[in-house]
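The residues making up each chain are set out below.
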Amino acid sequence: MGKKGKREGDGYKKNVSRPVTDETGKFKKSFKQHNYSDSQAPIIRKQVEPETAKYFSEIANLFESQGVDVDERSVICGNALEEARGKELELATDYIISNTLESLLDGCNVDNLCSFLRGCANVFPAIAMDRSGSHVAETALKSLARHVQDSEAYTIIEETLEMICKVIVVNPVDLMCNCYGSHVLRSFLCLCKGVPLDSSEFHGTKGSKVLAERLNFKVSHLHEIDSQQFQQGFPNLLKFLVSGMVNCTREDMKTLQVDQYGSLVLQTTLKLLAGDDQELLQIIPVILGCNKQNLVEGKLIDTTIAGEIVEAMKETAFSHLMEVILEVASESLYNVMFTKLLKNSLFELSSDPCGNFVVQALIAHARTKDQMEMIWEELGLKFADILGMGRSGIIASLIAACQRLQTHEYKCCEALASKNEASKLIVPRILFLDSYFSYYDKSCWNWPAGAKMHVMGSLILQAIFKFQSEWIQPYILSITSMEAEHVLEAAKDARGARVIEAFLASDASTKQKRRLVVKLRGHFGELAMQLSGSFTVERCFSAGSLSQKEAIASELLAVRTELSKTKQGPHLLRKLDIDRYSTKPDQWRSKQASKESTYNEFYAAFGSTEYKSTKGNKFCSDASMDTSELEELNAKGERASSLTSMPMLDDTSAEKKMKKKKREREAASEDAVSSNKGIENAVKNFLSSGKPDNKRHKASKQRLKI
């Protein structure tokens, strides 16, 4: 036990609540200790008897010897768990025996498992809040999850869980605010819902997936979950447990909002209820501190405490909780929270290290153009200030939301480009946000050789290059005006390479793209040897002229032996048909010329299908997205970087003209494409085989004449 006590102190000093002393030096009860003692009698843990300890030690040695078959193991586990009856708390919280108990719970049948849990139901919270006991509780829940699909075992499992639920709702605050108990309770909620117990999506941990969803890389995993992925759950128990927890913690909600572990439980609860708008409509106002009288009167949000709630959003735990609330809320509740809580506070929150993530979530989950208009009114004219505070994530979210809702797109591009600087510096300064804004005299700033390119800056540029070319001419001019050595350095950096790929896949003219490709000549073999660079080489090959394609093929042929040994090499060599180029160069040239001619004919008639396919809900294709960028950004958080932006111009007439022109062009192209699917298929067949489908090719020409 001395060893156990020592371990409990290591690494958890900041998280575990301690007794607090008063001015006389005597111990007084903490908030959580006070609640617990008021609700139920304290639990006293007894020492494990020597004979019992010896018995479980022999079982542990038997299992370690690997001398027990599967059938015998199940019987031994059942007998040992019978021996544990009445001593569950002592055994589960023992540093050594708890490991043996985990093995027993993992190997026993469902009857012995449920018998053990029913025996310790009254002390389950105490076990869950212990460092060793929490592992025992988790193992028991995981074992139950494996038996849920068994229809014969469903009833006994439900009865067992119900007993534990009734104990938890008596005093959930202590369990929710405990670093071990919080994790067990989240697993318990997942089991009741029928989702995997170890799912990071529901355990409240925010990862790269969340950022990917906010930047339109993916559809929200909470609203688009495949129900077939769920196991059979216990919906009635989940509803009973959640309502019991909310009712019992109503008075302590302010504490739970800002408590690290209590907030995680609330986040998991909300995620599990995503899609159940009626249930969320009852729970979210309580979490936000709305009193009973207001709820009875139909007031979902108490405006008198709006200021307090906004201040709480500057706390780490509550900011995470608000992000989830905004994600799962229905449109009507989202509107109420926006207008009653967040309106006129967006810029204030944007300046806060934690609050700015709430603003990002608000932007990312805007449903309508009207909502986006209100957000733009507060933030649209303050791009320079927001970026000056190092909140580039807000700008990225704004660009993504405007692209998704198709509003303020031109103004986004305009706000990000500064007229006070040379056009050629626009792309470099966004690529190097850290370097640019840490430079004492920005008018003298130049490309910082060897500096690391900014993750969010890369993502912003990838987004920009998905807008139509009329709106992004300053960015196109900037990237095509870069020095050859700078283009090469960008191509060697994974983040810079993604920007180059986004530009080559953009709506820019072929001439502009080839102006950039030529600057990498002589280095394609070097780039192809890098995993990230190989994608850039492939994009350059697709965008290049016939002579540029041959130059790329020639450079890859020179390094073919080394390239074929890399992970990406075989695919790249096959895609560019380097073997044919080495043996039959004339045939290779003929094939490439035919491909280009057919593609140009199709493009002239119907426009770029690639550009159209990437529009809509995605501003960056999956091929050009590097998920490691998102993971690194999530792990490190936003760094103190910013970007000076030009004053917003009220050029609504120009934007309307561009949009009208865009709509007319897209309508004409979409009508033609919808009536000529066979033409596109013919082009695809030709590009893959090198020979067109003559019958369809003739039909295509006939339709074009019509």
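Each value, and the rule that gives it
- Residues numbered from 1 in each chain as written.
- Predicted model: local features only at pLDDT ≥ 70, side-chain atom pairs only at ≥ 80, totals over all residues.
- Heavy atoms only, no water.
- Helix = DSSP H or I, 4+ residues; strand = E, 2+ residues; numbered from the N terminus.
- Buried < 20%, exposed > 50% of the residue type's maximum accessible area, 1.4 Å probe, protein only.
- Contact = heavy atoms within 4.5 Å.
- Areas by Shrake-Rupley, 256 points an atom, 1.4 Å probe, with all protein chains shown as cover.
- Salt bridge = Lys/Arg side-chain N within 4 Å of Asp/Glu carboxyl O.
- Phe/Tyr/Trp six-rings, centres within 6.5 Å; stacked < 30°, edge-to-face > 60°.
- Lys NZ or Arg CZ within 6 Å of the ring centre and 35° of its normal.
- Core = buried A, V, L, I, M, F, W, Y, C linked by side-chain atoms within 4.5 Å.
- UniProt positions renumbered as here; feature names shortened; annotations may be inferred.
- Polar contact = N/O pair within 3.5 Å; in protein donor to acceptor, adjacent residues only side chain to side chain.
- Axes fitted to C-alpha atoms, helices over the stretch in contact; angles between N-to-C directions.
- Parallel < 35°, antiparallel > 145°, perpendicular 65-115°, else oblique.
- Left-handed = near helix turned anticlockwise from the far one by under 90°.
- Nonpolar A, V, L, I, M, F, W, Y, C, P; charged D, E, K, R; others polar.
- Disulfide = S-S within 2.5 Å.

Caption draft 1: Main features of the overall build of the protein chain. Counting its regular elements, the protein chain contains 46 helices and two strands. The 706 residues of the protein chain split such that 52% are buried. Taking all contacts inside the protein chain whose residues are at least 6 apart in sequence as the whole, residues at least 24 apart take part in 76%. With an accessible surface of roughly 32600 Å², the protein chain has 50% of that area assigned to carbon and sulfur atoms.

Caption draft 2: Focus on the pattern of salt bridges. Tallied over the full model, the rule gives 16 salt bridges. With a closest N to O distance of 2.6 Å, Arg-580 and Asp-577 form a salt bridge. Judged by its relative accessible area of 18%, Asp-577 is buried. Each of Glu-311, Lys-314 and Glu-348 takes part in one network of salt bridges that share partners.

Caption draft 3: Main features of the side chain of Ser-350. Considering the arrangement of structural elements, one finds Ser-350 in helix H22 (residues 346-350). With relative accessibility at 0%, the residue Ser-350 sits in the buried group. Setting aside residues up to four positions removed in sequence, Ser-350 forms contacts with Asn-356, Val-359, Leu-379, Met-389, Arg-391 and Ile-394.

Caption draft 4: Here's a closer look at the packing of aromatic side chains. Throughout the structure, instances matching the rule amount to 13 aromatic pairs. Clustering of aromatic rings is evident, with ring pairs tying together Phe-432, Tyr-436, Trp-445 and Trp-447. In this structure, Arg-73 is placed above the aromatic ring of Phe-63, and the distance from its NZ or CZ to the ring centre is 4.1 Å. For the cation-ring pair, Lys-549 lies above Phe-541, with the distance from its terminal atom to the ring centre recorded as 5.6 Å.

Caption draft 5: Highlighting helix H32 (residues 484-492). Residues of H32 that are buried: His-486, Val-487, Leu-488, Ala-490 and Ala-491. Looking at the buried side of H32, the elements it contacts are helix H33 (494-504), helix H34 (510-517), helix H35 (524-528) and helix H36 (531-543).

Caption draft 6: The nonpolar core, seen in detail. Within the largest apolar cluster, 187 residues are counted, with the highest numbers of intra-cluster contacts made by Ile-375 and Tyr-475. Ranked by the residues each element gives to this core, the list is headed by helix H26 (residues 392-405), at nine residues. Residue contacts for Ile-375: discarding those within four places in its chain leaves Tyr-334, Phe-338, Leu-346, Leu-362, Ile-363, Ala-366, Gly-380 and Leu-398.

Caption draft 7: Up close: the UniProt feature "repeat: Pumilio" (unreviewed entry) in the protein chain. The feature "repeat: Pumilio" (unreviewed entry), as given by UniProt, occupies residues 340-377 in the numbering adopted here. As annotated, residues 340-377 has a helix share of 71% and a strand share of 0%, and its two end C-alpha atoms lie 16 Å apart.

Caption draft 8: Layout of the environment of Asp-94. Following the sequence through the fold, Asp-94 ends up in the loop between helix H5 (88-92) and helix H6 (97-107). For Asp-94, a relative accessible area of 13% translates into the label buried. Separated by 37 residues in the primary sequence, Asp-94 and Arg-131 have C-alpha atoms spaced 9.5 Å apart. At a separation of 2.9 Å, a polar atom in the side chain of Asp-94 contacts the main-chain amide nitrogen of Ile-97.

Caption draft 9: Highlighting the packing of helix H7 (residues 110-119) against helix H9 (residues 131-147). The geometry of H7 relative to H9 is characterised by a closest axis approach of 10 Å and an angle of 140 degrees between their N-to-C directions. When the interaxial angle is binned, H7 and H9 end up oblique. By crossing handedness, the relation of H7 to H9 is classed as left-handed. Seen from H7, the contacting residues are Val-110, Leu-113, Cys-114 and Leu-117; seen from H9, they are Ala-140, Ser-143, Leu-144 and His-147. Residues of the contact of H7 with H9, tallied by class, amount to six nonpolar, two polar and no charged.

Caption draft 10: Quick look at the state of the cysteines. Under the defined criterion, the tally for this structure stands at zero disulfides. No disulfide involves Cys-114; its nearest neighbouring cysteine sulfur is the one of Cys-108, lying 8.7 Å away. The class for Cys-114 is buried, based on a relative accessible area of 0%.

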